Amino acid sequence: MNVKIEPSWHERLNGEFEKQYFHTLTDIVRQEYRNYTCYPPARLVFNAFNLCPFDKVKVVIIGQDPYHEPGQAHGLSFSVMDGVPFPPSLQNIFREINSDTGADIPVTGNLTRWAQQGVLLLNATLTVRAHQANSHSRVGWTAFTDAVIRCLAEERERLVFMLWGGYARGKAYMIDHNKHLVLESVHPSPLSANRGGWFGNHHFSRCNEYLINNGIEPIQW
């Protein structure tokens, strides 16, 4: 199947594209976009991959599914387009970065700048129907994104995986903790973060310390 995705990812994932589940997934998603308003815009479904080639990945941040309100989602987990107010989880991410590293809270929630530095902002489900959270969670995306996680975990070394919340932490079994740094905490959403365990987790400084210790350029959060 001719999937329009960055070449290094196409090379690694071509076997997935030929599997029956992916053909079925593609048919369902095309029909959804044809009949309903869906996010992100179709051209940005693989944006996380196109901005962050396979060999450039340093950090993997796993989200669940895209934002489902107008103008927010653009194919990067937790990220919103320029000019869009910060969703609560992103506010808490920026608050922790500020507390942890001293970096100023940015004026935009667009995390393209992270992706271009090697942060794969991967949602487990890559599409969603407008106003309906998790509406595409059962169409087959998780089989594909699990394959992405396995591919990175097996073929790369010294990556940092940030697993926030029970859903993302459920992916930890696919990752060799001896080859990679796995950072786990509660989700940054207010419901979870305010119960404790998000603020003060120091994931962003711990990530950069690990990268530096392995001779890898740290992330400018």
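Residues numbered from 1 in each chain as written. Predicted model: local features only at pLDDT ≥ 70, side-chain atom pairs only at ≥ 80, totals over all residues. Heavy atoms only, no water.

### Observations concerning the sheet that holds strand 6 (residues 181–185)
The 4 strands lie next to each other as 3-2-5-6, forming an open sheet whose pairing is parallel. Among the strands making up the open sheet, the edge pair consists of strand 3 (119–123) and strand 6. The average undirected angle you get between the axes of adjacent strands in this sheet is 20°. Here 5 bridges tie strand 5 (residues 160–164) to strand 6, and the two strands are oriented parallel to one another. What sits directly across from tryptophan 164, in strand 6, is serine 185. In the packing of helix 6 (residues 141–155) onto the sheet, the strands contacted are strand 2 (59–63), strand 3 and strand 5, and the crossing angle to strand 3 comes to about 150°. (Pairing = 2+ DSSP bridges. Helix = DSSP H or I, 4+ residues; strand = E, 2+ residues; numbered from the N terminus. Axes fitted to C-alpha atoms, helices over the stretch in contact; angles between N-to-C directions. Contact = heavy atoms within 4.5 Å.)

### As for the environment of isoleucine 93
Here isoleucine 93 shows up in helix 4 (residues 88–101). Taking the C-alpha atoms as reference points, isoleucine 93 and histidine 74, 19 residues apart in sequence, are found 18 Å from one another. Apart from the residues lying within four places of it in its own chain, the contact partners of isoleucine 93 are Phe78, Trp114, Trp164, Pro188, Trp198 and Phe204.

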